[in-house]
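Architecture and fold: a report
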Amino acid sequence: MNCLRLTQFPKRCLSTRFPSLDPKLNNTKTPFSSPNSTYTTPNSHTFDTPTISQLIAKQHWSKLKTIVKETNPSSLLQHLFNSEAQPDLILCYFKWTQKEFGAIHNVEQFCRLLHLLANAKNYNKIRALLDSFAKNAHYSNSTIFHSLSVLGSWGCANSIIVDMLVWAYVKNGEMDLALEGFDRAGDYGFRLSALSCNPMLVSLVKEGRIGVVESVYKEMIRRRIGVNVVTFDVVINGLCKVGKFQKAGDVVEDMKAWGFSPSVITYNTIIDGYCKAGKMFKADALLKEMVAKRIHPNEITFNILIDGFCRDENVTAAKKVFEEMQRQGLQPNVVTYNSLINGLCSNGKLDEALGLQDKMSGMGLKPNVVTYNALINGFCKKKMLKEAREMLDDIGKRGLAPNVITFNTLIDAYGKAGRMDDAFLLRSMMLDTGVCPNVSTYNCLIVGFCREGNVKEARKLAKEMEGNGLKADLVTYNILVDALCKKGETRKAVRLLDEMFEVGLNPSHLTYNALIDGYFREGNSTAALNVRTLMEKKGRRANIVTYNVLIKGFCNKGKLEEANRLLNEMLEKGLIPNRTTYDILRDEMMEKGFIPDIDGHLYNVSISS
DNA sequence: CCCATACCCT
């Protein structure tokens, strides 16, 4: 394996600054030495270099075409290399042959061109070339890295090229290629920069691949890649998004150790994480901490808190935060109003939300499509489908465009009302409007069919969706698994579970809970318990719903001792029984004289909704 | 360059 390490990175380059990946900021000068010319023209054809250069420079493509026809595009390219033509001209010719002949040159030639451009400090051209390359990566990373290392180990050209290559992959959504490039850069000793690594981390967070984020981050530190505040903030964000607050705290310590202080952005990131995790108490504590440290909360901080309190169904607190931010001299923006409007709508206070919409207009803030979507959702929740539908037309009248969420909201509402025909009419409308259905659109329709008990049609839709290039997601599977289990076809649901593992989806509580419930309904408590074992094996701890399903299952089977044992188990694990737990136990146990067995627990636990 | 809002599964 060590044979891959052909290039030892020169020490003097360790401090070399990387040219910016932003084409507008290309100002860093880096010294390069010339790569050795080791190529020879592969055939004996002779070229008149000055003439050819002229033809390229003047873009006389038709004449050039006749010359190329006598040989082949790659030979002429090789000749240009050997005659040390201008890098720009070679690039020009290279692109032309790609366009004209669809010519794919050797990976060595490609890399040699990159090297020439790097020596000429023509970073914009390298970026552009790699960007178009990333759209259709016809060379593997392994051949590129190999060719680059063979070409020359002087200067930092390879590091810069590879940095830009990784950046190009990220920009084009080719995350696996980017990650492979990241790994190989380590193997070859090419030094990447935060300019490619930070965007890579951002994309990984967006894709929810937080485990990968963690390992890339650790590796960046290990390789001494020039990390900056953004690096830390992005990693903290990723960890908070999946509730790994302990680890996020560790990264905060890392950033301090590297001489960076947590900023308002860092605090906002963590506060938002706590808000989304339903831990408003923690969010509040952090707010106090940042104020104590004289880090001033900004409008984003307040927006985060408003949204958090609304999710916590505490609109009163949200409104207080809204007042407070104005007292602090911060102007609520569209997001502020939208968050509050959405909070009011989701908590059944539609009238107040509509009033706030007027108020924001009065403040000179234009409602945007998010505002309307929140209001449409509010109407839908109140079963006011007519008004919701009318608001869709309003969006257009306001010069705004409804988006996929607008349609999804309405489609789901029609589905919930049992009006699948109208739901499909809206789908046609969205297609006509040029709004592309996404997985959620299909999920709304699929769950609509499932409500009617029409799992066949639901599965047909799922197939159609895959035919349209959309992959079923966790929600899709959960809908289908649940529907099949409720239909008494748990075996089929289990097949879907297997499929989830095959496609790399991590089943959620909902998935397992539905299956456990399904097996109990079929009277197969052994299989139900096996599912529970499986879920724990896969790292999913039983939650309250899991226990409720298990307890209900055993109650229905008359195995009350077993149900009682599970109740105790859930209490031991610190899970607080909810209303459903209580209902199950009251119905099934109390009347059968089992009160003494559970009395001590049942009446001492707080019953949460 | 990094942090905030709207839809689908109980």
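Residues numbered from 1 in each chain as written. Chains lettered and ligands numbered in written order. Predicted model: local features only at pLDDT ≥ 70, side-chain atom pairs only at ≥ 80, totals over all residues. Heavy atoms only, no water.

1. With respect to the overall build of chain A
Short version of the rule: We count a stretch as a helix when DSSP gives it H or I for four or more residues in a row; a strand needs E for two or more, and each element gets its number in order from the N terminus. Whether a residue is buried, partly exposed or exposed follows from its accessible area with a 1.4 Å probe, protein chains only, as a fraction of its type maximum: under 20%, in between, or over 50%, in that order. In what follows, residue pairs with any heavy atoms lying within 4.5 Å of each other are defined as contacts. Each accessible area value is a Shrake-Rupley result obtained with a 1.4 Å probe; residue values ignore everything except the protein chains displayed when judging cover.
When helices and strands are counted, chain A shows 33 helices and 0 strands. Within chain A, buried positions represent 48% of all 609 residues. Residue pairs in contact within chain A that sit at least 24 positions apart in sequence constitute 65% of those at least 6 positions apart. Of the roughly 29,800 Å² of accessible surface on chain A, a fraction of 52% belongs to carbon and sulfur atoms.

2. Observations concerning the nonpolar core
Our working rule: In this description, a nonpolar core means a group of buried Ala, Val, Leu, Ile, Met, Phe, Trp, Tyr and Cys residues linked to one another through side-chain atoms lying within 4.5 Å.
Counting residues in hydrophobic clusters, the biggest one holds 182 residues, and the most contacted among them are Tyr93, Leu130, Ile144, Met200, Ile271, Ile446 and Ile551. Sort the elements by how many residues they give to this core and helix α8 (residues 157-171) lands first, with 11 residues. Apart from the residues lying within four places of it in its own chain, the contact partners of Ile551 are Ala563, Leu566, Leu567, Met570, Thr581, Ile584 and Leu585.

3. So, a positive patch on the surface
To keep things clear, this is the line we draw: Patches were defined on residues exceeding 30% relative accessible area and lacking a salt bridge, with like-charge contacts within 9 Å and nonpolar side-chain contacts (Val, Leu, Ile, Met, Phe, Trp, Tyr) within 5 Å. A carboxyl oxygen of Asp or Glu within 4 Å of a side-chain nitrogen of Lys or Arg is what we treat as a salt bridge. Working convention for charge: Lys and Arg count positive, Asp and Glu count negative, and His plus the chain ends are omitted. To locate a charge, take atom NZ for lysine, CZ for arginine, CG for aspartate or CD for glutamate.
On the surface, a cluster of positive charge is made up of Lys456, Arg459, Lys463, Lys487, Arg491 and Arg495. Taken together, the elements giving at least two residues each to the positive patch come down to α25 (455-467) and α27 (490-502). With 3 residues, the single largest contributor to the positive patch is α25. Secondary-structure assignment places Lys456 in helix α25. Note on Lys456: relative accessible area 69%, which makes it exposed.

4. Let's talk about the protein's contact with DNA strand B
Quick reminder of the rule: Only a single heavy atom is needed: when it lies within 4 Å of a molecule or strand, its residue is near that molecule or strand. Polar contact criterion, stated in full: a pair of N or O atoms within 3.5 Å, where within protein one must be able to donate a hydrogen and the other to accept it, and residues adjacent in sequence count only if both atoms are side-chain atoms.
Taken together, 40 residues lie around DNA strand B, and Asp233, Asn268, Lys276, Asn303 and Asn373 are the ones closest in. Sugar and phosphate atoms represent 51% of those atoms of DNA strand B found within 4 Å of the protein. For DNA strand B, a base oxygen lies 2.5 Å from a polar atom in the side chain of Asn268. Between DNA strand B and Thr269, the relevant distance is 3.4 Å, taken from a sugar or linking oxygen to a side-chain nitrogen or oxygen of the residue. Elements with a contribution of two residues or more to the surface near DNA strand B: α12 (229-241), α14 (264-276), α16 (299-311), α18 (334-346), α20 (369-381), α22 (404-416), α24 (439-451) and α26 (474-486).

5. Thoughts on the environment of Asn237
Relative to the elements of secondary structure, Asn237 occurs in helix α12. A relative accessible area of 22% means that Asn237 is categorised as partly exposed. For Asn237 and Val202, which are 35 residues apart along the polypeptide, the C-alpha to C-alpha distance reads 9.1 Å. Contacts of Asn237, omitting those with residues within four sequence positions, involve Val205 and Thr269.

6. Brief notes about the packing of aromatic side chains
Note the cut-off: Note on aromatic pairs: the rings of Phe, Tyr and Trp (six-membered ring only in Trp) are paired at centre separations within 6.5 Å, and the planes decide the class, stacked below 30 degrees, edge-to-face beyond 60, tilted for the rest. Two conditions define a charge located above a ring, namely a distance within 6 Å from the ring centre to NZ of Lys or CZ of Arg, and an angle within 35 degrees of the ring normal.
All told, the structure shown has 15 aromatic pairs when counted by the stated rule. Ring plane angle 55 degrees and centroid distance 6.4 Å describe the contact between Phe133 and Tyr169, whose orientation is recorded as tilted. One end of the pair, Phe133, is in helix α6 (residues 123-135); the other, Tyr169, is in helix α8, with 36 residues separating them in the sequence. Exposure class is identical for Phe133 and Tyr169. Each is buried. Ring geometry for Tyr188 against Phe190: centres 5.5 Å apart, planes inclined by 20 degrees, an arrangement best described as stacked. Phe190 carries the same exposure label as Tyr188, and that label is buried. These aromatic residues form a ring-pair network of at least three members: Phe94, Phe110, Phe133, Tyr139 and Tyr169. Taking the ring centre of Phe182 as reference, the NZ or CZ of Arg223 above it sits at 4.1 Å. Just above the ring of Phe501 sits the side chain of Lys538; from NZ or CZ to the centre is 4.2 Å.

7. Overview of a negative patch on the surface
Taken together, Glu466, Asp498, Glu499 and Glu502 make up a surface patch of like negative charges. When residues in the negative patch are grouped by element, the largest group, 3 residues, is from α27. Looking at the secondary structure, you find Glu502 in helix α27.

8. A word on the pattern of salt bridges
As enumerated under the stated definition, the model contains 34 salt bridges in all. Notably, a salt bridge pairs Lys293 with Glu289, separated by 3.8 Å at the nearest N-O pair. The exposure class assigned to Lys293 is partly exposed, which follows from its relative accessible area of 42%. By relative accessible area, Glu289 is classed as partly exposed at 34%. Of the charged contacts, one joins Arg521 and Asp517 as a salt bridge, the two residues approaching to 2.9 Å between their closest N and O atoms. On the criterion of helical spacing, the pair formed by Arg521 and Asp517 is a turn pair, its members being 4 residues apart in helix α28 (residues 509-521). Classification of Arg521 by relative accessible area gives partly exposed; the value is 49%. Residue classification places Asp517 among the buried positions, given a relative accessible area of 11%. If you follow the salt bridges from partner to partner, you end up with Arg532, Glu536, Glu562, Arg565, Glu569 and Lys573 in one network.

9. Some words on α8
Threshold: Each helix should span, by expectation, one fewer than its residue count multiplied by 1.5 Å.
Taking 1.5 Å as the rise per residue, α8 with 15 residues should run 21 Å; its terminal C-alpha atoms sit 21 Å apart, in good agreement. Most of α8 sits out of view: 14 of its 15 residues are buried. Among the residues trailing α8, Gly173 stands out with phi positive, at a value near 75 degrees.

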